[in-house]
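Breakdown of the fold
Here is what each chain is made of, one letter per residue.
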Amino acid sequence: MTTQVEVEVTVNNVRWNGDAGWYEGDFKYKQTSPKGGMKIVDQQGNINGRAENAGKTPIGDFEITLLWKSDTVKVNGVDCDAHLRQPNNKSIRLAKSFGDKPNADAGQNGGVISVPGGNGDTSLTIRDQNNDGKIYTYNLVAEIETSDGPKPLVDDPIIINQDPPHFLMYKAEAAVPAEPGQAGEAAQPATPAIPPEPDPKP
């Protein structure tokens, strides 16, 4: 049976990252289900798919519904609307493997990891078969409405599909760089051309 997980996502302290070309902030993840002691997601967005269910067996494949709760954020003291991208799969950007730059939107169906949908711009669902043993770098990408149009607001966890049916996701800054001779390197953020900082929406 597919394990269903719900997580509320909020962000504050939003600021412009000129090197990356997007907004970033202090993201917080709060697991609201399942309850009963099975902790899968911590406040930093670390997701442990190796958690055991009530029957003390691995959870196997799962779906995570991210509920976006920061519909307004402050940018330089100005309130701006913020929301997930449409269609929903554009809010999850995947790389082919750990250490690569996330440069492709997640598929809406098929593949080990997909984003089949959500509820408009307020939630999305990540579906993971959790069975390929691979590591994926990814971005969670929301949008901030500014006077110059929508601008990306990005968080940068990583996804690790360990030996089936294990799964682990944790933020890139928590990753430990590989020793020489080991596979994989620490994830590096994408570095597009540096645009000027946009004026926030009045």
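Residues numbered from 1 in each chain as written. Predicted model: local features only at pLDDT ≥ 70, side-chain atom pairs only at ≥ 80, totals over all residues. Heavy atoms only, no water.

1. A closer look at the pattern of salt bridges
Following the criterion strictly, the structure yields six salt bridges and no others. For Glu-24, the salt bridge identified is with Arg-15, shortest N-O distance 3.7 Å. Overall, Arg-15 belongs to the partly exposed group, its relative accessible area being 30%. (Salt bridge = Lys/Arg side-chain N within 4 Å of Asp/Glu carboxyl O. Buried < 20%, exposed > 50% of the residue type's maximum accessible area, 1.4 Å probe, protein only.)

2. What to know about the pairing of strand 2 (residues 22-33)
Of the pairings in the sheet, the one linking strand 1 (residues 3-17) to strand 2 comprises 10 bridges and is antiparallel in character. If you follow Trp-16 over to strand 2, its bridge partner there is Tyr-23. The antiparallel pairing of strand 1 with strand 2 creates a hairpin that spans four residues between the two strands, and Gly-21 there sits at a positive phi of about 85°. (Pairing = 2+ DSSP bridges. Helix = DSSP H or I, 4+ residues; strand = E, 2+ residues; numbered from the N terminus.)

3. Overview of unusual backbone geometry
With an omega of 0°, the peptide bond between Ser-33 and Pro-34 qualifies as cis. Summarising the element assignment, Pro-34 is placed in the loop between strand 2 and strand 3 (47-48). Cis peptide bonds are those with omega within 30 degrees of zero, and the linkage from Gln-86 to Pro-87 qualifies with -10°. For Pro-87, the location among the structural elements is in the loop between strand 6 (78-84) and strand 7 (92-94). Positive phi is not limited to glycine here, since Asn-13 has a value of about 50°. Tracing the chain through its elements places Asn-13 in strand 1. Judged by its relative accessible area of 48%, Asn-13 falls in the partly exposed class.

4. So, a positive patch on the surface
On the surface, a cluster of positive charge is made up of Lys-28, Lys-30, Lys-35 and Lys-39. As for its placement among the helices and strands, Lys-35 is situated in the loop between strand 2 and strand 3. Assessed through its relative accessible area of 67%, Lys-35 is described here as exposed. (Patch = residues over 30% accessible without salt bridge, like charges linked within 9 Å, V, L, I, M, F, W, Y side chains within 5 Å. Areas by Shrake-Rupley, 256 points an atom, 1.4 Å probe, with all protein chains shown as cover. Lys, Arg positive; Asp, Glu negative; His and termini not counted. Charge placed at Lys NZ, Arg CZ, Asp CG, Glu CD.)

5. What about the environment of Thr-72?
The topology assignment puts Thr-72 in strand 5 (residues 72-75). Residue class for Thr-72 comes out partly exposed when judged on its relative accessible area of 39%. It is 8.5 Å that separates the C-alpha atoms of Thr-72 and Ile-144, two residues lying 72 residues apart in sequence. Once residues lying within four places of it in the same chain are set aside, the contact partners of Thr-72 are Asp-79, Cys-80, Asp-81 and Ala-82. (Contact = heavy atoms within 4.5 Å.)

6. Points about the pairing of strand 12 (residues 149-155)
For strand 12, the buried fraction is high: five of the seven residues fall into the buried class. In this structure, strand 11 (residues 135-146) lies alongside strand 12, joined through seven bridges in antiparallel fashion. Residue pairing for strand 12: Glu-145 is matched across the bridge by Pro-150.

7. Remarks on the nonpolar core
Of all hydrophobic cores here, the largest spans 37 residues; its most connected members are Trp-68, Ile-92, Leu-140, Ile-144 and Leu-153. In terms of residue count, strand 1 provides more of this core than any other element does, six residues in total. (Core = buried A, V, L, I, M, F, W, Y, C linked by side-chain atoms within 4.5 Å.)

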